[in-house]
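Summary of structural features
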Amino acid sequence: MNKATRKAVIAGNWKMNMTPSQAKETVEKTAALVKGKDGCDIVLCVPFVDIASAVEAAKGTNIKIGAQNVHFAESGAYTGEISASMLLETGVEYVIIGHSERRQYFGETDETVNQRTKAALTAGLTVILCVGEVLEERQSNITNEILSMQTKLALAGISTEDMKKVIIAYEPVWAIGTGLTATPQQADEACGLIRSVLADLYDETTAQSTTIQYGGSMNDGNAAELLAKVHVDGGLIGGASLVPEKFDAIVTAAQ
Ligand code: PEP
């Protein structure tokens, strides 16, 4: 396995945008544009309340639907939360876990990221696991240590077999929603570092077969250069995924 044999995954993260009717329209528009572009897997991660209309609109297309978070318990007294089996039954196939906005604003920790990842994998969902350093960590030259620690803690107790359903998204926090993008070389180095951590944790085959995305202000203008890098197997895209034409351009760059 190497870049040529790993299938790229282009995933949109709509964050807290789109009502259910807007979701339907946007999935339909996106589907029309990305039709037949099967050189990568295409995922849209939508707000919980949009899942039903997004899944319906994506039927028969090459778009899969994901959620943006999942709780680690199967059921119980967790007001406002959603379990992995609930997601699965609504037709969700992917779930983002550990997004930096969840870590920054909602108290997500490496431990809960690990618990959520286990719950999602047990239910059969594919996990898009986010890791990334903040600006001060990059400036202090501890990016590698941070990425290594986050990856190891998130994957604690997760088997080699389960890794077949884990995608890792390298998302430098300073590049998310800021318009700042990691250079292709920075993105490649960080994704390569994560791959070497996987080789240590598991084995070389697992490391070489895991999809590692870059995320952080990826757009129609910079995607081709980022996606050309050896360790960058796709993208997790926020802002640009809300605009079907821009998202389609990124999908096209990944073919
Ligand atoms: C994201 O939400 O994961 C993201 C990368 O956002 P943006 O593309 O807007 O920086």
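See the structure printed just above.
Residues numbered from 1 in each chain as written. Predicted model: local features only at pLDDT ≥ 70, side-chain atom pairs only at ≥ 80, totals over all residues. Heavy atoms only, no water.

1. A word on the overall build of the protein
Counted only if it meets this: Helix and strand assignments follow DSSP, with helices taken as H or I runs no shorter than four residues and strands as E runs no shorter than two, numbered in order from the N terminus. As a reference, a globule follows 2.2 Å times the number of residues to the power 0.38, and the radius of gyration itself is taken over C-alpha atoms. Exposure categories follow from relative accessible area, calculated using a 1.4 Å probe and restricted to protein chains: below 20% of the type maximum is buried, above 50% is exposed, and the middle band is partly exposed. Should any heavy atoms of two residues lie within 4.5 Å, those residues are counted as being in contact. Using the Shrake-Rupley algorithm and a 1.4 Å probe, accessible areas are obtained, with residue cover drawn only from the displayed protein chains.
The number of helices and strands found in the protein is 11 helices and eight strands. In summary, the protein has a C-alpha radius of gyration of 17 Å against a globular reference of 18 Å for 255 residues, a match within 12%. Seen along its three principal axes, the alpha-carbon backbone of the protein occupies a region of about 45 × 45 × 35 Å. For the protein, the proportion of its 255 residues judged to be buried stands at 53%. Long-range contacts, defined as pairs at least 24 residues apart, comprise 73% of the intrachain contacts of the protein with a sequence gap of at least 6. Of the accessible surface of the protein, which amounts to about 11100 Å², a share of 53% is contributed by carbon and sulfur atoms.

2. Remarks on the pattern of salt bridges
Keep this limit in mind: Just to be clear on terms, a salt bridge is a Lys or Arg side-chain nitrogen sitting within 4 Å of an Asp or Glu carboxyl oxygen.
Inspection of every chain in the model, using the stated rule, returns 12 salt bridges. Asp41 is paired through a salt bridge with Lys7; the nearest N and O atoms lie 3.4 Å apart. Note that Asp41 is positioned in strand E2 (residues 40-45) and Lys7 in the segment before strand E1 (8-13), a separation of 34 residues in sequence. Residue Arg116 is joined to Glu108 by a salt bridge in which the shortest nitrogen-to-oxygen separation is 2.6 Å. On the basis of relative accessible area, Arg116 is assigned to the buried category, the value being 9%.

3. Considering the site of the ligand
Test applied: If a single non-hydrogen atom of a residue is within 4 Å of a molecule or strand, that residue counts as near it. Nitrogen and oxygen atoms within 3.5 Å of one another constitute a polar contact, given that in protein one can donate a hydrogen and the other can accept it, and given that sequence-neighbouring residues count only through two side-chain atoms. Under the scheme applied, nonpolar residues are Ala, Val, Leu, Ile, Met, Phe, Trp, Tyr, Cys and Pro; charged residues are Asp, Glu, Lys and Arg; polar residues are all the others, including Gly.
Around the ligand, the structure places 14 residues, and the nearest of them are Lys15, Glu171, Gly177, Ser217 and Gly238. The separation between an oxygen atom of the ligand and a polar side-chain atom of Glu171 is 2.7 Å. Residue Gly239 places a main-chain N or O atom 2.9 Å away from an oxygen atom belonging to the ligand. Burial of the ligand by the surrounding chains reaches 95%, relative to a free accessible area of 290 Å². Classifying every residue of the shell around the ligand gives four nonpolar, eight polar and two charged.

4. Some words on helix H11 (residues 244-253)
Quick note on the threshold: Note that the arc is defined by the directions from the helix axis to the C-beta atoms.
When H11 is considered as a whole, its buried residues turn out to be Pro244, Phe247, Asp248, Ile250 and Val251. The buried residues of H11 all sit within an arc of 160 degrees when viewed along its axis, so they share a single face. For H11, the secondary structure elements touched by its buried residues are E1, helix H1 (20-34), E2, helix H10 (223-227) and strand E8 (234-237).

5. Digging into the side chain of Arg116
Examined against the element boundaries, Arg116 turns out to sit in helix H5 (residues 110-123). One polar contact links Arg116 to Glu108, side chain to side chain, over a distance of 2.6 Å. Look past the residues within four positions of Arg116 in its chain and what remains in contact with it is Asn69, Val70, His71, Phe72, Glu81, Ile97 and Glu108.

6. A few points about the sheet that holds strand E5 (residues 126-131)
Let me state the cut-off plainly: When DSSP finds two or more bridges between a pair of strands, those strands are recorded as paired. Only the stretch in contact is used when a helix axis is fitted, and all axes are lines through C-alpha atoms; the angle between N-to-C directions ranges over 0 to 180 degrees.
Pairing is parallel around the closed barrel formed by eight strands, whose spatial order is E1-E2-E3-E4-E5-E6-E7-E8. Geometrically, the sheet is characterised by an average inter-axis angle of 30 degrees between neighbouring strands, direction not taken into account. Both strand E6 (residues 166-170) and strand E7 (residues 212-215) contribute to a ladder of three bridges, which runs parallel. Within E7, the residue paired with Ile168 across the bridge is Ile212. Lying on the sheet, helix H7 (residues 143-154) is in contact with E5 and E6; it crosses E5 at an angle near 150 degrees.

7. What to know about the nonpolar core
Note the following rule: By nonpolar core is meant a set of buried Ala, Val, Leu, Ile, Met, Phe, Trp, Tyr and Cys residues that side-chain atoms within 4.5 Å join together.
One finds Ile10, Val95, Leu155 and Tyr214 to be the most contacted residues of the largest nonpolar core, which totals 66 residues. If you tally residues by element for this core, the top one is helix H8 (residues 184-201), at eight residues. In this view, Leu155 contacts Asn114, Leu129, Met163, Val166, Ile168, Leu198, Leu201 and Tyr202; residues no more than four positions away in its chain are not counted. Among the nonpolar cores identified, the runner-up in size contains 11 residues, and Val43, Ile128, Ile167 and Leu236 belong to it.

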